[in-house]
Amino acid sequence: MDRAIQLGINRANMYRNLPLLRREEQVPMADAQLDATGLKCPIPVLKALKLIKNMTGGETFEVHATDPGSVADFEAFCAAGGHELLEQTREGEVFRFLIKVVEGKN
């Protein structure tokens with residue numbers, strides 16, 4: 001039996017007060033994606049370096065990583081390469097970085 005029915009919760013009202021979130025309104029879309037979940041330092045940064053070789057200045061890429069060290073790694077990656085860290089968030093165990101590639105730095 002459905003747990004909501006057991007508790008006497010009306011499914012129609014269960015989510016009524018939650019705001020509607022649209023991905024395009026909440027998170028800027030990137031030109032490229034890099035899934036580095038499950039990878040440890042330095043692999044996420046090395047994969048990012050490989051990715052930007054095919055990108056031009058002004059394009060953005062989004063990285064998803066689970067290594068807590070990736071926060072410092074991608075801050076250093078952007079500082080050393082002159083790239084712009086546009087956004088850095090955490091959703092559960094996944095760290096998300098939105099990075100803008102700088103012209104001539106790839």
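For the structure itself, consult the block above.
The structure reproduced in this document is the subject of the present report. Model, not experiment: these values are computed from the prediction.

1. Details of the overall build of the protein chain
Here is step 1: Counting its secondary structure elements, the protein chain contains five helices and four strands.
Here is step 2: Walking the protein chain from its N terminus toward its C terminus, one meets helices and strands in the order α-α-α-β-α-β-α-β-β.
Here is step 3: Per-residue burial for the protein chain yields a buried fraction of 27% across its 106 residues.
Here is step 4: Of the contacts formed within the protein chain by residues at least 6 apart in sequence, a portion of 66% connects residues at least 24 apart.

2. Examining helix H4 (residues 43-52)
Here is step 1: Along H4, the positions that sit buried rather than exposed are Pro44, Val45, Ala48 and Ile52. All buried residues of H4 fall inside an arc of 95 degrees around its axis, so they share one side.
Here is step 2: Taken together, the buried residues of H4 touch strand S1 (32-36), strand S2 (60-65) and helix H5 (70-81).

3. Some details on the packing of H4 against H5
Here is step 1: With their axes 10 Å apart at the nearest point, H4 and H5 run at an angle of 35 degrees to one another. Seen along the crossing, H4 lies across H5 with a hand that is right-handed. On H5, the residues that touch Pro44, Val45, Ala48, Leu49 and Ile52 of H4 are Asp73, Phe74 and Phe77.

4. Remarks on the side chain of His83
Here is step 1: Assignment of secondary structure puts His83 in the loop between H5 and strand S3 (84-91).
Here is step 2: Among the polar contacts listed, one links the side chain of His83 to the backbone nitrogen of Val102, at a separation of 3.2 Å.

5. Thoughts on the pattern of salt bridges
Here is step 1: Per the stated rule, a full pass over the model turns up two salt bridges.
Here is step 2: Residue Arg96 is joined to Glu62 by a salt bridge in which the shortest nitrogen-to-oxygen separation is 3.4 Å. One end of the pair, Arg96, is in strand S4 (residues 94-100); the other, Glu62, is in strand S2, and 34 residues separate them in sequence. The same class applies to Arg96 and to Glu62, which are both buried.
Here is step 3: Between Arg96 and Glu87 there is a salt bridge; the shortest N-O distance is 2.6 Å.
Here is step 4: On the basis of relative accessibility, which here comes to 4%, the residue Arg96 falls in the buried class.

6. Observations regarding a nonpolar patch on the surface
Here is step 1: A cluster of nonpolar side chains, Ile43, Leu46 and Leu49, forms an exposed patch at the surface whose accessible area comes to about 240 Å².
Here is step 2: Along the chain, the position of Leu46 falls in helix H4.
Here is step 3: The partly exposed category is assigned to Leu46, whose relative accessible area is 47%.

7. Considerations on the environment of Thr37
Here is step 1: Relative to the elements of secondary structure, Thr37 occurs in the loop between S1 and H4.
Here is step 2: Taking the relative accessible area as the measure of exposure, Thr37 reaches 36% and is therefore partly exposed.
Here is step 3: Considered as a pair, Thr37 and Phe95 are 58 residues apart in the sequence and their alpha carbons are 8.7 Å apart.
Here is step 4: At 2.7 Å, the side chain of Thr37 forms a polar contact with the side chain of Asp35.

What counts, and where the lines are drawn
Residues numbered from 1 in each chain as written. Predicted model: local features only at pLDDT ≥ 70, side-chain atom pairs only at ≥ 80, totals over all residues. Heavy atoms only, no water. Helix = DSSP H or I, 4+ residues; strand = E, 2+ residues; numbered from the N terminus. Buried < 20%, exposed > 50% of the residue type's maximum accessible area, 1.4 Å probe, protein only. Contact = heavy atoms within 4.5 Å. Arc of directions from axis to C-beta. Axes fitted to C-alpha atoms, helices over the stretch in contact; angles between N-to-C directions. Left-handed = near helix turned anticlockwise from the far one by under 90°. Polar contact = N/O pair within 3.5 Å; in protein donor to acceptor, adjacent residues only side chain to side chain. Salt bridge = Lys/Arg side-chain N within 4 Å of Asp/Glu carboxyl O. Patch = residues over 30% accessible without salt bridge, like charges linked within 9 Å, V, L, I, M, F, W, Y side chains within 5 Å. Areas by Shrake-Rupley, 256 points an atom, 1.4 Å probe, with all protein chains shown as cover.

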